[in-house]
Amino acid sequence: MAGIWVFADHKDGEFRRVIFEMLSEGKKMAEYMGEELSAVLLGQGVEGLTSQLAEYGADKVIVVEDAKLAGYTTDAYSAAMTGLINAHKPSVILFANSSLGLDLAPVLAQKVDTGLAADVTEIVYEGKLQFKRPIYAGKVFTTVEFDENARPMIVTIRPKALDVADAQAGRTCPVVKEQVAEFGDIRQMVKDVIRKASGRVELTEADYIVSGGRGMKSAEGFKILEPLADVLGAAIGASRAAVDEHWIDTQFQVGQTGKVVAPQLYIACGLSGAIQHIAGMSSSKCIIAINRDPEAEIFKVADYGIVADVFEVVPIMVEEFKKLMASA
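Just so you know, these numbers come straight off a predicted model, no measurement behind them. (Residues numbered from 1 in each chain as written. Predicted model: local features only at pLDDT ≥ 70, side-chain atom pairs only at ≥ 80, totals over all residues. Heavy atoms only, no water.)

Q: How would you summarise the sheet that holds strand S14 (residues 286-291) if you had to cite specific residues and measurements?
A: Here we have 5 strands laid out as an open sheet, ordered S12-S11-S13-S14-S15, and parallel in their pairing. Edge strands, defined here as strands with exactly one partner in the open sheet, are strand S12 (235-238) and strand S15 (304-307). Looking at each pair of strands side by side, their axes are set apart by 15° on average, direction ignored. Both strand S11 (residues 208-212) and S12 contribute to a ladder of 4 bridges, which runs parallel. From the neighbouring strand, Ile-209 faces S12, where its bridge partner is Ala-235. Strands S11, S12 and strand S13 (265-269) of the sheet are contacted by helix H6 (residues 225-232), whose axis makes an angle of about 175° with S11. (Pairing = 2+ DSSP bridges. Helix = DSSP H or I, 4+ residues; strand = E, 2+ residues; numbered from the N terminus. Axes fitted to C-alpha atoms, helices over the stretch in contact; angles between N-to-C directions. Contact = heavy atoms within 4.5 Å.)

Q: Give a description of the pattern of salt bridges that names residues and reports values.
A: One pass over the full model with this rule turns up 17 salt bridges. A salt bridge links Lys-300 to Glu-297, with the nearest nitrogen and oxygen atoms 3.2 Å apart. Through salt bridges with shared partners, one network takes in Lys-27, Asp-59 and Arg-171. (Salt bridge = Lys/Arg side-chain N within 4 Å of Asp/Glu carboxyl O.)

Q: Explain the packing of aromatic side chains to me, and be specific about the residues and the numbers.
A: Across all of its chains, the model carries 7 aromatic pairs by this definition. Aromatic pair Phe-7 and Tyr-77: ring centres 6.4 Å apart, planes at 70°, arrangement edge-to-face. Residue Phe-7 is found in strand S1 (residues 4-7), and its partner Tyr-77 is found in helix H3 (residues 74-88); the two are separated by 70 residues along the sequence. Tyr-77 shares its class with Phe-7; the two are buried. Ring geometry for Tyr-72 and Tyr-77: centres 4.9 Å apart, planes at 70°, overall edge-to-face. Judged by relative accessible area, Tyr-72 falls into the partly exposed class, the value being 24%. An aromatic cluster is present here, built from Phe-7, Tyr-72, Tyr-77 and Phe-95 joined pairwise through their rings. (Phe/Tyr/Trp six-rings, centres within 6.5 Å; stacked < 30°, edge-to-face > 60°. Buried < 20%, exposed > 50% of the residue type's maximum accessible area, 1.4 Å probe, protein only.)

Q: Give a description of the environment of Cys-173 that names residues and reports values.
A: The residue Cys-173 is located in the loop between strand S9 (153-157) and strand S10 (175-178) in this model. Among the residues examined, Cys-173 registers a relative accessible area of 16% and is labelled buried. With 114 residues separating them in the primary sequence, Cys-173 and Asp-59 have C-alpha atoms 5.5 Å apart. Sequence-distant contacts of Cys-173, that is, excluding residues within four places in its chain, are made with Ala-54, Ala-58, Asp-59, Lys-60 and Val-61.

Q: Quick rundown of unusual backbone geometry? Include the residues and the values.
A: Note that the residue after Arg-151, namely Pro-152, is joined by a cis bond; omega there is 0°. With respect to the helices and strands, the residue Pro-152 is situated in the loop between strand S8 (140-144) and S9. With a phi angle near 50°, Lys-89 is a residue other than glycine that sits in the positive phi range. Tracing the backbone shows Lys-89 in the loop between H3 and strand S4 (92-96). Backbone geometry at Lys-217 places phi at a positive 75°, although glycine is not the residue there.

Honestly, it's all geometry; don't read function into it.
Structure (structure tokens):
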């Protein structure tokens with residue numbers, strides 16, 4: 001039993017930052033455990049993506065290409081991964097804590113009879129590997145260990161929680177091609193993918209986020225956040241309340257039932273600070289809150305608070321940021 005695996009899921013021929021975060025951490029883990037770091041790449045026509053994985057630290061890339069893997073389905077991907085796990089018996093498999101990772105990881109844990117540590121934000125190297133993860137909507141962090149017989153250790157990693165080492169340009173590694181012996185019944189079929197283009201960086205990848213809540217009052221009110229996001233190169237986020245009011249699409253929801261984010265800067269505009277929302281953004285490096293209510297819960301997690309009308313403050317911030325950008 002050996003090997004640290006990073007499941008390198010991809011979209012439109014590109015990897016998200018979290019894949020490189022996991023490779024960087026996986027390298028550290030492999031050195032600690034004296035094992036090899038492998039990236040696992042599934043899909044169709046994906047062999048051209050292997051070079052990036054090598055540059056970010058993979059010692060080997062395991063590639064499985066098949067028409068049945070062209071689009072993600074739980075049955076096809078879990079069959080492919082179960083076969084690989086049974087054949088190679090890795091010690092640890094890291095998945096992104098994304099919609100795909102949160103679907104696939106628990107299915108694999110059940111299939112190969114092992115444990116799962118989800119939404120991990122830190123890995124501790126003291127004797128046994130220890131995995132830290134938030135519970136109770138991020139109010140408490142717990143540290144978990146796997147039983148000695150629970151192998152592989154299956155872990156999902158929260159995006160932006162770990163650092164990325166610099167890529168080593170031109171670095172190469174062996175590419176091992178594998179095949180799936182038997183897919184079994186595939187009960188799902190991807191007939192079409194409907195995308196809504198926002199023109200902005202994806203929330204979980206963003207270094208800067210401007211987010212609005214019920215205090216934005218309407219869909220029209222949300223539009224005042226766009227110039228601020230534009231000047232910062234930021235993503236736009238929203239609370240569940242704003243999404244439920246249909247002021248903004250669900251893809252922008254941040255929170256326990258939305259997307260979990262950890263940007264360098266999170267500007268909370270008209271957000272009350274409900275527990276559900278805080279669970280999704282409390283890992284932000286710096287939080288600026290704007291709210292007319294000085295008792296709003298959001299101020300308890302904010303690094304900086306502005307007690308004022310968001311419709312008056314945001315335009316001022318836009319102008320000030322423009323001045324800073326011009327002088328930089």
